[in-house]
Amino acid sequence: MGGIVALVVVVLVVGLVVAAAATMVKVLQEYERGVIFRLGRVLPRAKGPGMIWLLPFGIDRMRKVSLQVVAMNVPPQDVITKDNVTMRVDAVVYSRVVAPVPAVVEIQNYLFATSQAAQTHLRAILGRYDLDTLLGQRDQINLELRATIARITEPWGVEVGSVEVKDIDLPVDLRRAMAHEAEAERDARALQISGEAELRVSQTLAEAAGIMSQHPQSMQLRFLQTVAEVATERNSTLVMPIPIELLSLFGRLGGGDAGNGRPPQRPPRPLEGPDDERRGGGNGRPG
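A short tour of the structure in this document, coming up. Given the structure is predicted, the values throughout are model-derived calculations rather than measurements.

Section: the pairing of strand β2 (residues 32-38)
Taking burial as the measure, the seven residues of β2 include five buried ones, the bulk of the element. Two strands pair when backbone bridges link them, and β2 and strand β5 (residues 60-66) are joined in this way by seven bridges, in the antiparallel orientation. In the sheet register, Glu32 faces β5, and the bridge partner there is Ser66. Direction of pairing for β2 relative to strand β3 (residues 41-42): antiparallel, over a ladder of two bridges.

As structure tokens, then:
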């Protein structure tokens, strides 16, 4: 009988030892830290990663904290800008725990608190700017949001890496007006570019005209080149005036008086004498 009792006692002791060992050994991942409470008091330093040992029977209690970066979506907020434009803006906050002990002791839920701080300051900071600034200087606004929220979460051991304004939802009428404004600006730029191009072309043509006025032969060559291009590109009858300079040139090549613009004159007929009258019967006709 005594042997059975001893065996039961040994089994109970072994079971207690195994249960105690199971509660004493904990394994933490690389991105995890353990905040230890020993009889209700927090230890000054978090433990982990890897295998850690705890005192059994509820003496030590551990709370895990993840050190990974958390992308927290800020719900859309109604914002009234400085120039009284109502819009809905949402953002995303990237944060992570850098001090596990304050994140557990100083705040009940650091993720929820960070989200509430982001929502509050998103409305407050965006309300200090007008619409054009919000649309054109978003990077500067993101930096200001990040600095403001980081000052609040720093005592909690939470580091805010960045804050990004994702979407700005404008009213339909305002979007339509902005689209018309952008289209008008594009048309104005197109007209300006076209006018600058016309100015450069006119300057080039003026320089070319000045050069041709000093060398009239270049004008004739340009005229002949244009005629050749038109005759090559189109099968049609081309009627054009012939410059007087070309006629003068042909007259000089032919040896006539075409150089002065008059047709060549025939030499005068010689007069008839008395001998011609006798040979012609006195009337200029042959006998």
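Focus on the sheet that holds β5
To summarise the sheet geometry, strands pair through backbone hydrogen bonds and adopt either a parallel or an antiparallel arrangement. Strand order in the open sheet made by the three strands is β3-β2-β5, with antiparallel pairing throughout. In the strand order of this sheet, the two ends are held by β3 and β5, each with one partner.

A closer look at the pattern of salt bridges
Close approach of charged atoms allows side chains of opposite charge to pair. Across all of its chains, the model carries five salt bridges by this definition. Between Asp78 and Arg88 there is a salt bridge; the shortest N-O distance is 2.7 Å. A residue pair is termed long-range when its members are at least 10 positions apart, and Asp78 in strand β6 (residues 70-80) and Arg88 in strand β7 (residues 86-97) qualify at 10 residues. Asp78 gets classed as partly exposed once you look at its relative accessible area, which sits at 47%. Note that Glu144 and Arg128 form a salt bridge whose closest N and O atoms lie 2.4 Å from each other. Within this pair, whereas Glu144 is found in helix α5 (residues 138-153), its partner Arg128 is found in the loop between α3 (110-126) and α4 (131-136), the two being separated by 16 residues in sequence. Using a relative accessible area of 47% as the deciding quantity, one classes Arg128 as partly exposed.

Rules of the game
- Residues numbered from 1 in each chain as written.
- Predicted model: local features only at pLDDT ≥ 70, side-chain atom pairs only at ≥ 80, totals over all residues.
- Heavy atoms only, no water.
- Buried < 20%, exposed > 50% of the residue type's maximum accessible area, 1.4 Å probe, protein only.
- Helix = DSSP H or I, 4+ residues; strand = E, 2+ residues; numbered from the N terminus.
- Pairing = 2+ DSSP bridges.
- Salt bridge = Lys/Arg side-chain N within 4 Å of Asp/Glu carboxyl O.

That is the geometry; function is a separate question.
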